[in-house]
Amino acid sequence: MDLDIKKVSIIIPAYNEEKTIEKILEKVLNVKLPLEKEIIIVNDGSTDKTGEIVEKFIKKHPNENIKLINKKNGGKGSALKLGIKHSTGDIIIIQDADLEYDPNDYPKLIEPILKGKAKVVYGSRLRKMKNRFSHLSFLIGGLTITLFTNLLYLTFLTDEPTCYKVFHKELKDILINAEGDKFDWEPEVTAKILRRGYKIYEVPISYYPRTLKEGKKIRWKDGVDAILTLLKWRFKKF
């Protein structure tokens, strides 16, 4: 284990997630890790009670390192950049505010970094066969984005659009300085990491998809934007 790694920062962008935000915070708080935990929730201009719920949660846990950052709505990427900018951890984990991804996967997500095997780890939903997707279109869309990533950057990923992306702090400049402010932040970061010569290590994770009616926010247009972003950063200087 890398003894220089002492803290993990969990960044949670949230937009109108009043139904799930407290539950996911409880799950994140209860995960046992060999590191200090810092939880940063970025309230991306929610119009519901997301911010109020987080404030109450923080008051209920005064001894925990939990921070709330409120901002005007700007998209997932803008929220992630702000949260990462304020993070102080040696490892950074991206966590969605819904309940699709299970924080109990954190130990295996950070293990390759702790053991010095990788600087970047992605949690792959496709590497766990029993996982299901809410609709065939979401599965096909994710596979298409991943295929384009592999073809353009000569890699062998199975799940590029996964939420669970984990980074060593030495990549903070790429994460914070990305141009993308919405869902395009993720393929841009993937592209720049691969162009910098980093290899992305994948581990299988659990996945509990929600439907559009339940609040799933990504749409087919975001998939198109992801492919265009991958093409753009294959050639553009940065």
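Above this text is the structure in question.
Keep in mind it's a predicted model, so treat the numbers as computed, not measured. (Residues numbered from 1 in each chain as written. Predicted model: local features only at pLDDT ≥ 70, side-chain atom pairs only at ≥ 80, totals over all residues. Heavy atoms only, no water.)

Asker: When you look at the side chain of Arg-125 in this model, what are you seeing that I'm missing?
Answerer: Residue position: Arg-125 is located in the loop between β5 (120-124) and α5 (136-153). A distance of 2.8 Å separates the side chain of Arg-125 from the side chain of Asp-159, its partner in a polar contact. (Helix = DSSP H or I, 4+ residues; strand = E, 2+ residues; numbered from the N terminus. Polar contact = N/O pair within 3.5 Å; in protein donor to acceptor, adjacent residues only side chain to side chain.)

Asker: What is the right way to read the nonpolar core from this model?
Answerer: For soluble globular proteins, nonpolar side chains are generally found buried alongside one another. Of all hydrophobic cores here, the largest spans 36 residues; its most connected members are Ile-12, Ile-21, Ile-39, Ile-41, Ile-91 and Tyr-106. Where this core is concerned, the elements lending two or more residues are β1 (7-14), α1 (21-30), β2 (36-44), α2 (50-60), β4 (91-94) and α4 (106-114). When near neighbours in sequence (up to four residues on either side) are disregarded, Ile-41 contacts Ile-12, Ala-14, Ile-21, Leu-25, Val-54, Ile-66, Lys-67, Leu-68 and Ile-69. Core analysis: the next-biggest nonpolar cluster, separate from the first, contains 30 residues, Val-120, Leu-152, Leu-175 and Ile-200 among them. (Core = buried A, V, L, I, M, F, W, Y, C linked by side-chain atoms within 4.5 Å. Buried < 20%, exposed > 50% of the residue type's maximum accessible area, 1.4 Å probe, protein only. Contact = heavy atoms within 4.5 Å.)

Asker: What is the right way to read the pairing of β5 from this model?
Answerer: With respect to burial, β5 is a largely interior element, five of its five residues being buried. Of the two faces of β5, the one lined by Val-120, Tyr-122 and Ser-124 and the one lined by Val-121 and Gly-123 are each fully buried. Where β5 lies against strand β6 (residues 165-168), three bridges are found, and the strand directions are antiparallel. Bridge pairing in β6 links Val-120 to Phe-167. With five bridges connecting them, β5 and strand β7 (residues 200-204) associate as parallel partners. Looking at β7, one finds that Val-120 is bridged to Ile-200. (Pairing = 2+ DSSP bridges.)

Asker: Is there a simple way to explain the pairing of strand β3 (residues 66-71) in this structure?
Answerer: A regular strand places its side chains on the two faces of the sheet in alternate fashion. Of the pairings in the sheet, the one linking β2 to β3 comprises six bridges and is parallel in character. Looking across to β3, one finds that Asp-44 is bridged to Lys-71. Between the parallel pair β2 and β3, the chain is carried across by α2, and the sense of this crossover is right-handed. (Right-handed = clockwise from strand over helix to strand, strands pointing away.)

These values are about where atoms sit, not about what they do.
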